2 protein chains.
Amino acid sequence: MLKPEILDPQGQAVQRALPRLGFEGVREVRQGKRFELELDGPADEAALDKVREMAETFLANTVIEYYTVRVEETDEVTA
Amino acid sequence: MLKPEILDPQGQAVQRALPRLGFEGVREVRQGKRFELELDGPADEAALDKVREMAETFLANTVIEYYTVRVEETDEVTA
């Protein structure tokens, strides 16, 4: 996501449009990218360190963006 | 995020680049949009219904995308 101090024109455009669509009560909208990475192995600490390195060096532009890494269980589909 | 059955060229481009950058072990990458909405009032059930309606009708293209709504506490900054 864009850092708080960085202007977010896309988020502002969404925010301005909401009242016109009948949606009140939204103080601010921020828009950003979301990546979902499916790993071969377990999401253990070593894997998460690697993912943080990917985010830091490639997936995020850390000059203007911050990132958060979160583990989410996939809904296993058993046939 | 794009629905699983929808081709995700951006995610695939990221996935192909990772090994070249020295990152192995990532089976799949999906890329999508993330919106953070700061509400005037509490994130109660009525407010969440409104946010779901915003997502369904405006923030997501539900023909090709699915969305999830999650409440996140903001880190209150007290001066």
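Further up the page is the structure itself.
I will try to describe carefully the structure that is included in this document. (Residues numbered from 1 in each chain as written. Chains lettered and ligands numbered in written order. Predicted model: local features only at pLDDT ≥ 70, side-chain atom pairs only at ≥ 80, totals over all residues. Heavy atoms only, no water.)

**What to know about the overall build of chain A**
- Within chain A, the regular secondary structure consists of two helices and one strand.
- Taking 12 Å as the expected radius of gyration for a compact globule of 79 residues, we find that chain A reaches 17 Å, considerably beyond that expectation.
- Seen through its principal axes, chain A has C-alpha atoms that stretch 45 × 40 × 15 Å.
- Burial statistics for chain A: of 79 residues in total, 29% are counted as buried.
- Restricting to contacts in chain A with at least 6 residues of sequence separation, those with at least 24 account for 45%.
- For chain A, the accessible area works out to roughly 5400 Å², and carbon and sulfur atoms hold 52% of it. (Helix = DSSP H or I, 4+ residues; strand = E, 2+ residues; numbered from the N terminus. Rg over C-alpha atoms; globule rule 2.2 N^0.38 Å. Buried < 20%, exposed > 50% of the residue type's maximum accessible area, 1.4 Å probe, protein only. Contact = heavy atoms within 4.5 Å. Areas by Shrake-Rupley, 256 points an atom, 1.4 Å probe, with all protein chains shown as cover.)

**Side note on the packing of helix 1 (residues 9-20) of chain A against helix 2 (residues 45-59) of chain B**
- In the contact formed by helix 1 of chain A and helix 2 of chain B, the axes pass within 12 Å of each other and the chain directions differ by 105°. As summarised for this structure, helix 1 of chain A and helix 2 of chain B are arranged roughly perpendicular, according to the angle between their axes. Contacts between helix 1 of chain A and helix 2 of chain B involve A:Val14, A:Ala17 and A:Leu18 from the first element and B:Met54, B:Phe58 and B:Leu59 from the second.
- Here the residues of the contact of helix 1 of chain A with helix 2 of chain B are counted per class, giving six nonpolar, no polar and no charged. (Axes fitted to C-alpha atoms, helices over the stretch in contact; angles between N-to-C directions. Parallel < 35°, antiparallel > 145°, perpendicular 65-115°, else oblique. Nonpolar A, V, L, I, M, F, W, Y, C, P; charged D, E, K, R; others polar.)

**Thoughts on the relation of the copies chain B and chain A**
- Expressed as a screw operation, the relation of chain B to chain A combines 0.0 Å of axial shift with a rotation of 180°, fitting to an RMSD of 0.0 Å. Taken together, these values place the two copies in the relation of a two-fold axis. Rotation axis and chain B: the residue whose C-alpha lies nearest the axis is B:Lys33, separated from it by 2.4 Å.
- Here 100% of the contact residues of chain B are again contact residues in chain A; the copies associate through an equivalent surface. (Least-squares fit on C-alpha atoms with pLDDT ≥ 70 in both.)

**Overview of the interface of chain B and chain A**
- Between chain B and chain A, the contact holds 32 residues from the first and 32 residues from the second.
- Note on chain B versus chain A: buried area summed over both sides is about 3100 Å², and carbon and sulfur give 57% of it.
- On the chain B side of the interface with chain A, the three residues burying the most area are B:Phe23, B:Arg34 and B:Glu38, jointly 20% of the side's total.
- Inspection of the region where chain B meets chain A yields six salt bridges.
- Ionic pairing is found between A:Asp40 and B:Arg27, a salt bridge with its closest N-O pair at 3.2 Å.
- Connecting chain B to chain A are 16 residue pairs in polar contact (both at pLDDT 80 or more).
- Elements supplying a minimum of two residues to the side of chain B that touches chain A: helix 1 (9-20), strand 1 (26-39) and helix 2 of chain B.
- Ranked by residue count, the leading element in the side of chain B that touches chain A is strand 1 of chain B, at 14 residues.
- Looking at side-chain class alone, the side of chain B that touches chain A contains 15 nonpolar, five polar and twelve charged residues.
- One ladder, built from 13 bridges, connects strand 1 (residues 26-39) of chain A with strand 1 of chain B; its direction is antiparallel. (Buried area = accessible area lost by both parts, 1.4 Å probe. Salt bridge = Lys/Arg side-chain N within 4 Å of Asp/Glu carboxyl O. Polar contact = N/O pair within 3.5 Å; in protein donor to acceptor, adjacent residues only side chain to side chain. Pairing = 2+ DSSP bridges.)

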